[in-house]
Structure formats: structure tokens, C-alpha cells
Amino acid sequence: MILENISRLCKKNNISIAKLERETGLGNATIRGWKRASPTVDRLKLVADYFGVTLDELLREDEPTTGKEK
């Protein structure tokens, strides 16, 4: 669910997950790893702040993330 929401935001903002990781200071393949392991709140907050969404929006199971264009 988290990875799907982040992927949706990346598509909406026309950036790759790799670029998101670089711009937020996360390591290579960190976000894709969240499919198997839960991220820390600090790391989730970096992504939420980047897109201008709340942590709740990243965690929602329904169509979330209105996210601001970067």
C-alpha cells in the first residue's frame, strides 16, 4: 500500500522512484524495499514532505494522495 501510493505520486509528478530517493537523501532501492519491510516514520516523513502530503495520505488503502506538483 505504501509503495503503491508513492509510485502513484511519482507518476503524477513525472519522476522516478530513484530520483525521489536521490532528492530526499534516501539510499538506492530504499523505497522499493518498503514492499517487504516497513519504513521508519522519519523516512516516510521525508517522502510525505517532498510531495506535500500527510503521512496519513501515504498510508491510506483507498485512492489517496492528492499531492502537490513539484
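Residues numbered from 1 in each chain as written. Predicted model: local features only at pLDDT ≥ 70, side-chain atom pairs only at ≥ 80, totals over all residues. Heavy atoms only, no water.

What follows covers the overall build of the protein chain. Tallying secondary structure elements over the protein chain gives four helices and zero strands in all. Taken from N to C terminus, the helices and strands of the protein chain fall in the order α-α-α-α. When the 70 residues of the protein chain are sorted by exposure, 41% land in the buried category. Taking as baseline every contact in the protein chain between residues at least 6 positions apart, the subset at least 24 positions apart corresponds to 51%. When the accessible surface of the protein chain is split by element, carbon and sulfur atoms take 48% of a total near 4,500 Å². (Helix = DSSP H or I, 4+ residues; strand = E, 2+ residues; numbered from the N terminus. Buried < 20%, exposed > 50% of the residue type's maximum accessible area, 1.4 Å probe, protein only. Contact = heavy atoms within 4.5 Å. Areas by Shrake-Rupley, 256 points an atom, 1.4 Å probe, with all protein chains shown as cover.)

With respect to the secondary-structure elements, Leu-58 resides in helix 4 (residues 55-59). Counting along the chain gives 13 residues from Leu-58 to Lys-45, while the straight-line C-alpha distance between them is 9.4 Å.

A few words now on the environment of Thr-54. Inspection of the secondary structure assignment puts Thr-54 in the loop between helix 3 (41-51) and helix 4. Distance in space between the C-alpha atoms of Thr-54 and Leu-44 is 9.5 Å, their sequence separation being ten residues.

The next point concerns the nonpolar core. A general trend in soluble globular proteins is that nonpolar side chains are found buried together. Counting residues in hydrophobic clusters, the biggest one holds 18 residues, and the most contacted among them are Ile-6, Leu-20, Ile-31, Trp-34, Val-47, Phe-51 and Leu-58. For this core, the secondary-structure elements that each account for two or more residues are helix 1 (2-12), helix 2 (17-24) and helix 3. (Core = buried A, V, L, I, M, F, W, Y, C linked by side-chain atoms within 4.5 Å.)

Let's shift gears to the pattern of salt bridges. The full count for this structure, using the stated rule, is three salt bridges. Here Lys-19 and Glu-23 are joined by a salt bridge, their closest N and O atoms 3.7 Å apart. Here the residue Lys-19 and the residue Glu-23 both occupy positions in helix 2, the gap between them amounting to four residues, near one helical turn. The exposure class of Glu-23 is partly exposed, given its relative accessible area of 44%. Close ionic contact of Asp-49 with Lys-45 constitutes a salt bridge, the shortest N to O distance being 2.9 Å. A residue pair is termed a helical-turn pair when its members lie 3 or 4 positions apart in one helix, as Asp-49 and Lys-45 do in helix 3 at four residues. (Salt bridge = Lys/Arg side-chain N within 4 Å of Asp/Glu carboxyl O.)

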